[in-house]
Amino acid sequence: MRGRQLAVAAGLLGVLCVPAHAEARDIGRDTLPANDGWAAEGAGTTGGAAADTDHVYTVTDRAGLVRALDGGSDTPKIIRIAGTIDANTDDDGDRLDCADYATGGYALKKYLAAYDPRTWGSAKPSGPQEEARQASAARQAERIVLPVGSNTTLVGLGDSAVLKGASLTVRNADNVIIRNLDVRDAYDCFPVWQPNAGGLGDWKTAYDNIWLTGATHVWVDHVTLSDKGHPDAKEPTHFARNYLRHDGLLDMTNGSDLVTVSWSRFAGHDKAMLIGNGDTATGDRGKLRVTLHHNAFESVVQRAPRVRFGQVHVYNNRYDITGDDYRYSLGVSTESRMYAENNVFHAPGHVEAADLVKSWNGSALHQSGTLFNGFPVDLLAIHNAYNSGSERDLTADVGWTPTLHGRIDSAEEADRAVARGAGAGRIP
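Note that the coordinates shown come from a computational prediction; the quantities given were computed from them, not determined experimentally.

The helix and strand inventory of the protein stands at 8 helices and 32 strands. In summary, the protein has a C-alpha radius of gyration of 22 Å against a globular reference of 22 Å for 428 residues, a match within 12%. C-alpha extents for the protein along the principal axes are approximately 65 × 55 × 40 Å. Here the protein holds 428 residues, and 56% of them are scored as buried. For the protein, the proportion of contacts with a sequence separation of at least 24, taken over those separated by at least 6, is 74%. A total of about 17,500 Å² of accessible surface is found on the protein, and carbon and sulfur atoms cover 49% of it. Across the protein, the centroid of the 42 positively charged side chains sits 2 Å from that of the 54 negatively charged ones.

Below is the structure:
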C-alpha cells in the first residue's frame with residue numbers, strides 16, 4: 001500500500017500538456033476519493049495517476065488507443081480519448097462492417113437455414129456454418145475487444161469523447177479507472193443460436209460495453225453506456241426470438257471485486273448489469289463487492305443490477321422505466337446480499353412497485369428510503385406480499401452494513417442530482 005501511495009505522490013509531480021479543448025484541470029490524475037465505495041478498500045484505486053510523462057497519451061483513433069493500451073500491460077498509464085473512436089476500423093482507420101469480418105462461407109441466411117429448429121431440432125449448432133460463424137466472430141473480436149491492464153486510467157477529454165463498437169475488457173487486472181467517456185454499441189455481428197436457452201431458445205451475444213472479469217479495485221465514473229446506433233429493438237426476429245446484438249452494458253464476473261460505479265448513465269438497453277455470472281460459481285463467495293451510487297438507469301429492461309454472491313451497496317440511484325417490455329430492476333439471486341438505500345423510481349402506469357424486485361433463489365434484500373413515483377414504498381414487504389410462491393420470501397438481514405460511502409442523500413435529493421449530473425461530460 002505504501003508503495004502505491006508513494007507512486008501516486010510522485011506521479012502528481014508530472015507536468016502535462018493539456019489540449020485547449022480539455023478540462024481546466026487534468027482529471028486523468030484524479031484518484032478515487034477516500035471511502036467512496038468498495039473500490040476505496042485497502043490501498044484504494046488510483047489508476048494511472050503515477051504514470052510518468054512518457055506514458056500519458058492523447059488518442060484520436062483505434063490504432064492510437066491500441067498502442068496506448070499496450071496489450072493490457074501493468075505499466076502505469078493515462079490514456080485520454082479525444083473525439084470519437086470507432087473500434088470497427090482497420091489499421092488505416094477505414095470503417096469495417098460485418099461483411100468484412102465474415103469468413104469461411106458464413107452467411108446469415110445459410111446459418112438460419114442450417115439451424116432452423118423445425119429441422120435441426122434442439123441440439124447445439126455444429127457443422128460448417130457454426131464453424132464459419134465462430135471464425136468470423138474471432139475476426140471481429142480481434143478488432144473490438146480492447147484489453148485494459150492494471151494501473152490504467154482511461155478518460156475522455158472534454159464533454160464529447162466517444163468510444164463506439166468496442167468492448168473494454170478488464171481481465172485479471174487491478175487498479176483501473178474509467179471516466180468521462182461515452183461507451184456505446186458493442187455490436188456483435190455474429191450472435192449464436194442457443195436452442196435450449198429459456199426453454200424456447202434464444203440468441204446469445206458476445207460483448208459487453210465494459211466487462212470486468214477477475215478485476216479488482218476498479219472505479220467507473222461519469223460514464224455513459226448504451227446501444228446508441230444499433231438498438232436491439234430495431235433488429236429483426238429469427239426463430240421467433242429477437243436477433244439480439246448486445247450483451248451487458250457493464251458486467252462483473254469471475255471473482256471481480258472492490259468496484260465503485262458512480263454518476264454514470266445506463267440507457268436504452270435490455271440487460272444492463274450482471275454481477276456474478278452463475279449460481280454454481282462458488283469461488284465468487286467473499287468477492288463481487290460493489291458500490292453503485294448516483295447512477296441513472298434509463299429505459300433499461302432488467303439487471304440494474306442482478307446480483308449473485310456479492311455484497312452490493314445500491315444507493316441514490318435514479319430509475320426511469322419506459323416501454324412495455326420492462327421486467328425488473330433489482331435482481332436478487334443466489335447468496336446475494338444487496339443493501340439498497342434511498343433510490344428513486346419513475347415508472348408508467350402499467351408498472352407496479354411489485355415489479356421492481358425479482359428473485360431467483362435469493363434469500364435477502366435490505367431496502368430503505370425508496371421512492372416510487374413520488375411515494376415512499378417498502379420494496380421488501382411488497383415483494384413478499386406479491387411473491388407468487390415460486391420463490392421464498394426475502395428477509396431484511398443481508399449480514400452486513402456498508403461503511404465505505406460518502407454522504408447518502410435523500411431519494412428526493414438524489415433524484416434531482418442524478419438527473420443533472422450523471423453521465424459522460426458532466427464531471428463538476
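On average, residues of the protein carry a pLDDT of 94, and 94% of them reach 70 or more. In this model, residues 1-23 is a region of pLDDT below 50 whose contacts with residues beyond four sequence positions or in other chains number 38 contacts.

On to the layout of surface pockets, then. Of the volumes computed, that of the largest pocket is approximately 610 Å³. Within the residue set of the lining of the largest pocket, elements represented by two or more residues are β11 (202-204), β17 (250-253) and β19 (265-271). Counted by class, the lining of the largest pocket contains 6 nonpolar, 8 polar and 12 charged residues. The calculated volume of the second largest pocket comes to roughly 510 Å³. His269, Asp270, Val301, Gln302 and Asp325 are, among the 21 residues lining the second largest pocket, the residues nearest its centre. Counting residues per element, the lining of the second largest pocket draws most heavily on β19, at 4 residues.

Now for the state of the cysteines. In total, this model carries 1 disulfide according to the counting rule given. Note on cysteine connectivity: Cys98 is disulfide-linked to Cys189, with sulfurs 2.0 Å apart. One quick way to see it: the torsion about the S-S bond of Cys98 and Cys189 is about -80°, and its sign makes the bridge left-handed. In this pair, Cys98 sits in helix α3 (residues 98-101) while Cys189 sits in the loop between β9 (182-184) and β10 (192-194), placing the two residues 91 residues apart along the sequence.

This part takes up the packing of aromatic side chains. The geometry of an aromatic ring pair is captured by the separation of the ring centres together with the interplanar angle, meaning the angle of the planes. Applying the stated criterion across every chain, the model contains 15 aromatic pairs. Relative to Trp203, the ring of Tyr111 has its centre 6.2 Å away and its plane inclined at 40°; by these criteria the two rings are tilted. Highlighted residues: Tyr111 in helix α4 (residues 108-114) and Trp203 in strand β11, separated in sequence by 92 residues. For Trp203, a relative accessible area of 4% puts it in the buried group. Taken together, a centroid distance of 4.9 Å and an interplanar angle of 10° make the contact between Phe297 and Tyr319 stacked. Of this pair, Phe297 sits in strand β22 (residues 296-302) while Tyr319 is found in strand β25 (residues 318-320), placing the two residues 22 residues apart along the sequence. According to the relative accessible area criterion, Phe297 is buried, its value standing at 2%.

Now for the UniProt feature "domain: Pectate lyase" (unreviewed entry) in the protein. Cross-referencing UniProt, the feature "domain: Pectate lyase" (unreviewed entry) maps to residues 103-351 in the present numbering. Note that residues 103-351 is 11% helix and 40% strand, and that its end C-alpha atoms are spaced 45 Å apart.

Moving on, we get to the sheet that holds strand β3 (residues 84-86). Ordered by their spatial adjacency, 10 strands build an open sheet running β3-β6-β9-β14-β19-β22-β25-β28-β31-β32, and the pairing between neighbours is mixed. The open sheet has two edge strands, β3 and β32 (375-377), and neither has a second partner. Each strand axis lies, on average, 20° off the axis of its neighbour in the sheet, ignoring direction. Note that β22 and β25 share 3 bridges and pair parallel.

Quick look at the pattern of salt bridges now. Counted by the stated rule, this structure contains 18 salt bridges. Arg62 serves as the salt-bridge partner of Asp91, at 3.9 Å between the closest nitrogen and oxygen. Here the residue Asp91 occupies a position in the loop between β3 and α3, and Arg62 occupies one in helix α2 (residues 62-69), the gap between them amounting to 29 residues. The exposure class assigned to Asp91 is exposed, which follows from its relative accessible area of 58%. On the basis of relative accessibility, which here comes to 9%, the residue Arg62 falls in the buried class. Several salt bridges share partner residues, and in doing so they unite Asp30, Arg179 and Asp221 into one network.

The next subject is the nonpolar core. One finds Leu65, Leu168, Leu212, Met252 and Phe266 to be the most contacted residues of the largest nonpolar core, which totals 85 residues. Tyr339, Ala364, Trp400 and Leu404 belong to the second largest nonpolar core, which has 7 residues in total.

Sheet architecture is open: 10 strands sit in the order β1-β2-β5-β8-β13-β18-β21-β24-β27-β30, paired in parallel fashion. Where the open sheet ends on each side, the last strands, each with one partner, are β1 (56-59) and β30 (365-368). Looking at each pair of strands side by side, their axes are set apart by 10° on average, direction ignored. Bridging between strand β5 (residues 152-156) and strand β8 (residues 174-179) involves 4 bridges; their strand directions are parallel. Note that in β8 the partner of Leu154 across the bridge is Ile178. Together, β1, β2 (77-81) and β5 form the strand contacts of α2, whose direction differs from that of β2 by roughly 165°.

In this model, Ala304 is joined to Pro305 through a cis peptide bond whose omega is 0°. With a phi angle near 60°, Asn151 is a residue other than glycine that sits in the positive phi range. Relative to the helices and strands, Asn151 resides in the loop between β4 (145-147) and β5. With a phi close to 60°, Arg303 is a non-glycine residue in the positive phi region. In this structure, Arg303 sits in the loop between β22 and β23 (306-307).

Definitions and limits used
- Residues numbered from 1 in each chain as written.
- Predicted model: local features only at pLDDT ≥ 70, side-chain atom pairs only at ≥ 80, totals over all residues.
- Heavy atoms only, no water.
- Helix = DSSP H or I, 4+ residues; strand = E, 2+ residues; numbered from the N terminus.
- Rg over C-alpha atoms; globule rule 2.2 N^0.38 Å.
- Buried < 20%, exposed > 50% of the residue type's maximum accessible area, 1.4 Å probe, protein only.
- Contact = heavy atoms within 4.5 Å.
- Areas by Shrake-Rupley, 256 points an atom, 1.4 Å probe, with all protein chains shown as cover.
- Lys, Arg positive; Asp, Glu negative; His and termini not counted.
- Charge placed at Lys NZ, Arg CZ, Asp CG, Glu CD.
- pLDDT = per-residue confidence, 0-100.
- 1 Å grid on protein atoms, 1.4 Å probe; cavity = no way out; pocket = protein on both sides within 12 Å on 5 of 7 lines; lining within 4 Å.
- Points joined across faces, edges and corners; volume = space filled by probe spheres on them.
- Nonpolar A, V, L, I, M, F, W, Y, C, P; charged D, E, K, R; others polar.
- Disulfide = S-S within 2.5 Å.
- Phe/Tyr/Trp six-rings, centres within 6.5 Å; stacked < 30°, edge-to-face > 60°.
- UniProt positions renumbered as here; feature names shortened; annotations may be inferred.
- Pairing = 2+ DSSP bridges.
- Axes fitted to C-alpha atoms, helices over the stretch in contact; angles between N-to-C directions.
- Salt bridge = Lys/Arg side-chain N within 4 Å of Asp/Glu carboxyl O.
- Core = buried A, V, L, I, M, F, W, Y, C linked by side-chain atoms within 4.5 Å.

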